[in-house]
Structures are given as structure tokens and as C-alpha cells.
Amino acid sequence: MTTRIERLVTSGQFTLDGGTWDVDNNVWIVGDEREVIVIDAAHDARAIAEAVDDRVLKAIVCTHAHNDHIDAAPALADLTGAKIWLHPDDLPLWKLTHPDRDPDNHLSDGLVIEAAGADLTVLHTPGHAPGAVCLHDPGLGVVFTGDTLFQGGPGATGRSYSHFPTIIDSIRDKLLTLPPETKVLTGHGDPTTIGAEAPQLAEWIARGH
């Protein structure tokens, strides 16, 4: 059975530091016709559950704990029985959205999450958020970057719990070292590749945000 990657776009709101913005999020479903992993359960648990359909949901992996990436995670877990995974450094952010529900398992740098032929290696990439992670599968030639790296630059670092020099270090040391043909599947918007983004590093640093 072939491992495949599906994208579901859900819409909702991102709220932090007293502001609220309308956003569209990429929900990534990785697996085959028997079992899958969901990366970032955003906004609409029922729509995600319908996309999973009758497959076994092995894990709900959170790239970070901004509300727009985790707001549907507990409801999806309740619908499917899947466990929620989050890096512990993002627990303070998680608690802003889900004060009465903890994640089930902790992500850590180098951990491998497996399902249906996918082997997702956790890369701890703080900066956009303290516990931000990316998920690299060399066999599939992809890295899921959440809000750490987008087409055209790093994720935002102008709000609480974020830090620009840290996200630059994470991108330079953990992501731009991946093969240039690696496809970058982001938390919002369109994909890119490591090779397309790497030459822009000096420009991002000079821009400083």
C-alpha cells in the first residue's frame, strides 16, 4: 500500500496578545488506506474526521500550540481515540486554548513517529514558538514545517513566546541542511522546497523579522 499525503484546508481564527485574525490552515493527513497521522488539527474536528474516514488515526501531531493549529485537537481525539502529541516547551501556549486538557504525549527532538510507511522524524525548531517542531520524512522527501518556514521566509516572530534570532538558527541548522529537493509542506499557504528557500537566508537576516 502506497503512503500518500493529503491536504485539507480549514478556516477559523488565530488569537494571541489580544488580537484576532481570520486564517486558513493546512491540515496534513499522512498514511495509506488503513492508517494515518494528522499534522495540526485546525478548526474543524468533524471535517478532519471525515477526511480520515474509516482509517485508523494513529496520532494527532501538533507542530506548535498556537490556537489555530490545536483548537480542534481534543475534539478530534475524542472522535477517533487518537493521542495528541506536543512538544512540552509549548505547554504554556497550549494552556491558553485548552486549560482543562493536556496533550497525551510529548514530542522530542529526534523522535520518530511511524504510520503506514511514513517515518516522521521530529526536528525541534523553536523561534515561532518555544516548542515548535518540524517533521521530516526522508523516504517521502518532505518536511512539514508548521509555521517555522514558509515560501519566502520564516514564520512570524513579532508576538509573545517568539524570537527572531532563534527561528533563524532553527531554520539554518535543522532545515536548510536537508536535501535541496526536499518539499516543504507548510502550516498555511503553498508548498516550496528547501532549495528554493536556502539562498534567501542572508536576506531574511538582513530584514530582521
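Residues numbered from 1 in each chain as written. Predicted model: local features only at pLDDT ≥ 70, side-chain atom pairs only at ≥ 80, totals over all residues. Heavy atoms only, no water.

- Looking at an unreviewed UniProt entry, one finds the protein chain named MBL fold metallo-hydrolase, with Streptomyces sp. 900105755 as its source organism.

1. Section: the environment of Asp119
Consideration 1: Structurally, the position occupied by Asp119 is in strand S8 (residues 118-124).
Consideration 2: Not counting residues up to four positions away in its chain, the partners in contact with Asp119 are Val112, Ile113, Glu114, His136, Asp137 and Pro138. (Helix = DSSP H or I, 4+ residues; strand = E, 2+ residues; numbered from the N terminus. Contact = heavy atoms within 4.5 Å.)

2. What about the packing of helix H1 (residues 45-52) against helix H3 (residues 73-80)?
Consideration 1: Interaxial distance between H1 and H3 falls to 9 Å at its minimum, and their mutual angle equals 45 degrees. On the basis of their axis angle, the class for H1 and H3 is oblique. Judged by the twist between their axes, the crossing of H1 over H3 is right-handed. Judged by residue contacts, Ala45, Arg46, Ile48 and Ala49 of H1 engage Ala75, Leu76 and Leu79 from H3.
Consideration 2: When grouped by side-chain class, the residues that make up the contact of H1 with H3 number 6 nonpolar, no polar and 1 charged. (Axes fitted to C-alpha atoms, helices over the stretch in contact; angles between N-to-C directions. Parallel < 35°, antiparallel > 145°, perpendicular 65-115°, else oblique. Left-handed = near helix turned anticlockwise from the far one by under 90°. Nonpolar A, V, L, I, M, F, W, Y, C, P; charged D, E, K, R; others polar.)

3. Overview of the pairing of strand S2 (residues 19-31)
Consideration 1: In this structure, strand S1 (residues 4-16) lies alongside S2, joined through 13 bridges in antiparallel fashion. Bridge pairing links Phe14 to Trp21 in S2.
Consideration 2: The antiparallel hairpin formed by S2 and strand S3 (residues 35-39) contains 3 residues in its connecting segment. (Pairing = 2+ DSSP bridges.)

4. So, the side chain of His66
Consideration 1: Along the chain, His66 falls in the loop between strand S4 (56-61) and helix H2 (67-70).
Consideration 2: The class for His66 is buried, based on a relative accessible area of 4%.
Consideration 3: Only 3.3 Å separates the side chain of His66 from the side chain of His64, close enough to count as a polar contact.
Consideration 4: The residues contacting His66, other than those within four sequence positions of it, are Phe14, Leu16, Leu93 and His128. (Buried < 20%, exposed > 50% of the residue type's maximum accessible area, 1.4 Å probe, protein only. Polar contact = N/O pair within 3.5 Å; in protein donor to acceptor, adjacent residues only side chain to side chain.)

5. Quick word on the sheet that holds S1
Note: strands within a sheet are paired through backbone hydrogen bonds, in either parallel or antiparallel orientation.
Consideration 1: If you trace the 6 strands from one edge of the open sheet to the other, you get S1-S2-S3-S4-S5-S6, paired in mixed fashion. Looking at which strands have only one partner, the edges of the open sheet turn out to be S1 and strand S6 (105-106).
Consideration 2: Lying over the sheet, H1 contacts S1, S2, S3 and S4, oriented at roughly 175 degrees with respect to S1.
Consideration 3: Against the sheet, H3 engages S3, S4 and strand S5 (83-86), with an angle of about 160 degrees to S4.

6. Looking at H1
Along an α-helix, a turn takes 3.6 residues, which lines up residues three or four apart on a common side.
Consideration 1: Among all positions of H1, only Ala45, Ile48, Ala49 and Val52 are buried. Axial view of H1: buried residues confined to an arc of 100 degrees, hence all on one face. Among the exposed residues of H1, those oriented more than 90 degrees off its buried face are Arg46 and Glu50.
Consideration 2: Lining the buried residues of H1 we find S1, S2, S3, S4 and H3. (Arc of directions from axis to C-beta.)

7. Quick notes on the packing of aromatic side chains
Consideration 1: All told, the structure shown has 2 aromatic pairs when counted by the stated rule.
Consideration 2: Ring centres of Phe14 and Trp21 lie 5.5 Å apart, and the angle between their planes is 25 degrees; this geometry places the pair in the stacked category.
Consideration 3: Lying over the aromatic face of Trp21, Arg159 brings its terminal NZ or CZ to 4.2 Å of the ring centre. (Phe/Tyr/Trp six-rings, centres within 6.5 Å; stacked < 30°, edge-to-face > 60°. Lys NZ or Arg CZ within 6 Å of the ring centre and 35° of its normal.)

8. Details of the environment of Pro103
Consideration 1: Within the secondary structure, Pro103 is located in the loop between helix H4 (91-97) and S6.
Consideration 2: When the C-alpha atoms of Pro103 and His43 are compared, they prove to be 17 Å apart, with 60 residues separating the residues in sequence.
Consideration 3: For Pro103, the residues in contact, after removing those within four places along its chain, are Ile84, Leu86, Leu91 and Trp94.

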